[in-house]
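# Tertiary structure, described
This is what each chain is made of:
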Amino acid sequence: MKTQVMILVYLLAGSLLSAAEQTAWTQKQGDFTVQCTTNCPDAIGKLNTPVKIAVTVKGTRKGFFSARFYHNGREIGKKMYVPMEQTATFSASLVNPGVLYVRYTISDADKKHILGKNKRVLQGGLGVLVAPEALKPGNPFPPADFDAFWQKKRKELDQVPVKAAERTLTLPKGFDHIRCADVTVDCTGGTPVTGVLTMPKNAAKKSLPAVVYFNGAGVYSAFPHPYIARKAIVFDMNAHGILNGQNAKYYQDLSNGKLKNYKIALTGNPDKDYFTWMLVRVMRALDYVKTIPEWNGRDLYVRGRSLGGAQALAAAALDHDVTLCLAEVPALCDHGGRLVNRQPGWPRFLDSADVKKIDKEKLKEVSYFDIVFFAPKIKCPVYVTAGLIDNTCLSSGVYAMFNRIPRDTPKAITIMPNCDHADIIPVSGRTEMERLLQK
């Protein structure tokens, strides 16, 4: 895929965008005000039509902002430094669907990054999705035995009884009516399911909906959810099956040792790969929750962000007892993106700029845990979010996955033109989950 017309424009003042064609997003960044504008309504562009993005930073002190232009996750041109009060404008036209975005960073007069009150660099940007409805996975073909592979994993799991051990945990004052426990559940693959359970005490049998939370990347403890647990069974699953509630050194040692390279480790055999067994534990977590006597046998919701979003989508595909899925900026989408000149989703297994260097056997291997191939199997309502300046879980890959969810499955996607991976994007399905929990 090639960028058809690429024009990088640095204007000392003003913008290429007329007032009539501007759609603007204004953001307060510390002592500065940033205005990002585009000629594309709702940040959706069309093929073979110029997409324009402009950035202006204003403040009370002198300085610069750096601006970078990206196409499908790859930087185009060189970073430029623009004086305050002036405007950087970029324009491009695409012949194939994708995402264009600008990222800025605010600097002082010496071009050193300025930190906000939270000690974070003042930065942001704006993106435009071009023809998102036409986005398809870079690798559209799952392995021939994809279904058989996961059916086998399900059968193996069924041979292991759902046996759980609990350790009571104490919640802060004011939550005496909530039961909380550290849970370990037997599983296949040599690693148990671990997580934290919270739910009302003394609830009647078959009276409660259940929510399973899946966590993002990193090595840390699962968490209690005492507020939501006033109305529901809540199980927060630890992605790694490790101990919960330990000191910081425990997680740091794992992060520097046994789990240091989990996100990129491949064995050459999907039957032994880390993410395969993570998704097996996802299935077992659902098995466990469904054995809790207080579950009403009807309402089973899954939710996660980033890697947790990927697990939530896989959960909805692998277990059709799931009745609602909320997946925020999901990872593990579009591992074959580089085949069509797009950055693959986290953890970017195959991100060589030279397509000829992409190993076909590795492409097949990672396809067993590419969420684009789970998406067609989702039957419950699903809500997805994507940030258009997200360099971690690129919006084009998330949208390519979303487009593969069946049309007759209730679904919605919220895109935020000025959101990065670290930003929290409102989930339209959250209101639906909260409403269901009030029943």
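Residues numbered from 1 in each chain as written. Predicted model: local features only at pLDDT ≥ 70, side-chain atom pairs only at ≥ 80, totals over all residues. Heavy atoms only, no water.

## What to know about the side chain of N215
By the element assignment, N215 lies in the loop between β14 (208–214) and β15 (233–238). Apart from residues lying up to four places away in sequence, N215 is in contact with Y220, S221, A222, F223, D236, M237, N238, R305, L307, G308 and Q311. (Helix = DSSP H or I, 4+ residues; strand = E, 2+ residues; numbered from the N terminus. Contact = heavy atoms within 4.5 Å.)

## Quick look at the sheet that holds strand β18 (residues 382–387)
Read from one edge to the other, the open sheet built from nine strands follows the order β11-β12-β13-β15-β14-β16-β17-β18-β19, with strand pairing classed as mixed. Since the sheet does not close on itself, it has two edges, and those belong to β11 (164–168) and β19 (411–416), each with one partner. Direction aside, neighbouring strands of the sheet carry axes that sit 20° apart on average. Seen against the sheet, helix α3 (residues 274–291) touches β11, β12 (178–185), β13 (193–200), β14, β15 and β16 (295–305) and runs at an angle of roughly 160° to β15. (Pairing = 2+ DSSP bridges. Axes fitted to C-alpha atoms, helices over the stretch in contact; angles between N-to-C directions.)

## Observations regarding the packing of aromatic side chains
One pass over the structure, following the stated rule, counts 19 aromatic pairs. Centre to centre, the rings of F146 and F374 are 5.1 Å apart; their planes meet at 70°, and the pair counts as edge-to-face. Of this pair, F146 sits in helix α1 (residues 146–158) while F374 sits in helix α6 (residues 371–374); the two residues are 228 residues apart in sequence, bridging distant segments of the chain. The burial state of F146 is the same as that of F374; both residues are buried. Each ring, one from F149 and one from W150, has its centre 5.3 Å from the other, and the planes form 80°; the classification is edge-to-face. Here F149 and W150 have matching classes, each one buried. One aromatic cluster is present, built from ring pairs that chain together F146, F149, W150, Y368, F373 and F374. (Phe/Tyr/Trp six-rings, centres within 6.5 Å; stacked < 30°, edge-to-face > 60°. Buried < 20%, exposed > 50% of the residue type's maximum accessible area, 1.4 Å probe, protein only.)

## Topic: helix α7 (residues 395–404)
Spacing of three or four residues puts side chains on the same side of an α-helix, whose turn is 3.6 residues. The buried fraction of α7 is high, at eight of ten residues. Among the residues making up α7, those that are buried are S395, S396, G397, V398, Y399, A400, M401 and F402.

## A short note on the confidence of the model for the protein chain
Of all residues in the protein chain, 94% attain a pLDDT of 70 or more, and the chain-wide mean is 92. Every residue in residues 1–13 scores below 50 in pLDDT, and together they form 46 contacts with partners more than four places removed in sequence or on other chains. (pLDDT = per-residue confidence, 0-100.)

## Details of the pattern of salt bridges
Within the structure shown, the criterion is met by 19 salt bridges. Across the salt bridge formed by R154 and D158, the nearest N and O atoms sit 2.7 Å from each other. Taken as a pair, R154 and D158 lie in helix α1 at a separation of four residues, close to a single helical turn. A relative accessible area of 48% places D158 in the partly exposed class. Salt bridges sharing partners connect three or more residues here, namely R154, D158, R284 and D287. (Salt bridge = Lys/Arg side-chain N within 4 Å of Asp/Glu carboxyl O.)

## Re α1
In this model, α1 (13 residues) spans 19 Å end to end at C-alpha, consistent with the 18 Å of a helix rising 1.5 Å per residue. Summarising the contacts, the buried residues of α1 are in contact with α3, α4 (307–318), α5 (360–367) and α6. (Expected span 1.5 Å × (residues − 1).)

## Focus on the packing of α1 against α3
Here α1 crosses α3 at 50°, and the two axes come no closer than 11 Å. By the angle between their directions, the pair α1 and α3 is classed as oblique. Judged by the sense of rotation from one axis to the other, the crossing of α1 with α3 is right-handed. Contact residues: α1 offers F149, W150, K153, R154, E156, L157 and D158, while α3 offers T276, W277, L279, V280, M283, R284 and D287. Considered class by class, the residues forming the contact of α1 with α3 number seven nonpolar, one polar and six charged. (Parallel < 35°, antiparallel > 145°, perpendicular 65-115°, else oblique. Left-handed = near helix turned anticlockwise from the far one by under 90°. Nonpolar A, V, L, I, M, F, W, Y, C, P; charged D, E, K, R; others polar.)

## As for the environment of V384
Following the sequence through the fold, V384 ends up in strand β18. Owing to a relative accessible area of 1%, V384 belongs among the buried residues under this scheme. Between the alpha carbons of V384 and A203 there is a distance of 32 Å; along the sequence they are 181 residues apart.

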